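What the coordinates show
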Amino acid sequence: MVRFWLKCMGIVLVLFLGVLIGMQQANDGMKKMKGYEDPALNSAFTINQSEQGEVEADILGQKVTSHDIETKKEKLEEMKAYNFFSSLGKSLGEMVSGAFNALFNMI
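Reading the values: the criteria
Residues numbered from 1 in each chain as written. Predicted model: local features only at pLDDT ≥ 70, side-chain atom pairs only at ≥ 80, totals over all residues. Heavy atoms only, no water. Phe/Tyr/Trp six-rings, centres within 6.5 Å; stacked < 30°, edge-to-face > 60°. Buried < 20%, exposed > 50% of the residue type's maximum accessible area, 1.4 Å probe, protein only. Helix = DSSP H or I, 4+ residues; strand = E, 2+ residues; numbered from the N terminus. pLDDT = per-residue confidence, 0-100. Patch = residues over 30% accessible without salt bridge, like charges linked within 9 Å, V, L, I, M, F, W, Y side chains within 5 Å. Areas by Shrake-Rupley, 256 points an atom, 1.4 Å probe, with all protein chains shown as cover. Salt bridge = Lys/Arg side-chain N within 4 Å of Asp/Glu carboxyl O. Lys, Arg positive; Asp, Glu negative; His and termini not counted. Charge placed at Lys NZ, Arg CZ, Asp CG, Glu CD. Expected span 1.5 Å × (residues − 1).

**Digging into the packing of aromatic side chains**
This model, assessed by the stated rule, comprises 2 aromatic pairs. Note on F4 and W5: the rings are 5.6 Å apart at their centroids and 70° apart in plane angle, and the pair reads as edge-to-face. Using a relative accessible area of 47% as the deciding quantity, one classes F4 as partly exposed. By relative accessible area, W5 is classed as partly exposed at 48%. Aromatic pair F100 and F104: ring centres 6.4 Å apart, planes at 35°, arrangement tilted. Of this pair, F100 and F104 both sit in helix α3 (residues 84-106), 4 residues apart, which is roughly one turn of the helix. For F100, a relative accessible area of 46% gives the class partly exposed.

Here it is in structure tokens:
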């Protein structure tokens with residue numbers, strides 16, 4: 001089942017990249033057909049690096065920066081959503097390690 005999902009995700013990734021490449025090629029074709037540079041025609045995918053070292057990507061007209069990704073990551077960490085299985089596993093691990101520590105201390 002895992003191999004099936006990996007194959008599906010691989011195919012989706014390849015198709016998505018194909019769409020981006022196709023849009024970029026269509027944009028280049030439009031520029032060649034017009035014969036001049038039109039600022040209204042944006043590229044499908046561009047990556048820029050600022051002088052401060054921050055990487056900024058422009059995907060289909062939406063700007064994505066590394067700062068945005070870090071902010072989202074911090075927000076997710078602050079939310080600390082409760083996961084029952086995570087807390088159960090953590091408490092079980094603490095109990096097992098405590099039991100083995102007690103066993104080794106007795107020996």
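**Observations regarding the confidence of the model for the protein chain**
In this model, the protein chain carries a mean pLDDT of 79, and residues with pLDDT of at least 70 account for 80%. Within the protein chain, helix α1 (residues 2-34) carries the highest mean pLDDT (89), whereas strand β3 (residues 62-65) carries the lowest (69).

**Here we look at a negative patch on the surface**
Residues E54, E70, E74, E77 and E78 make up a contiguous surface patch of negative charge. With respect to the helices and strands, the residue E74 is situated in helix α2 (residues 66-79).

**With respect to a nonpolar patch on the surface**
Where nonpolar side chains cluster on the molecular surface, the patch consists of L92, M95, V96, F100, L103, F104 and I107 and spans about 780 Å² of accessible area. Tracing the backbone through its elements, the reader meets V96 in helix α3.

**A look at α1**
Since the α-helix advances by 3.6 residues per turn, residues separated by three or four positions end up pointing in the same direction. For α1, with 33 residues, the first-to-last C-alpha span of 48 Å sits near the 48 Å given by 1.5 Å per residue. At the C-terminal side of α1, G35 shows a positive phi close to 90°.

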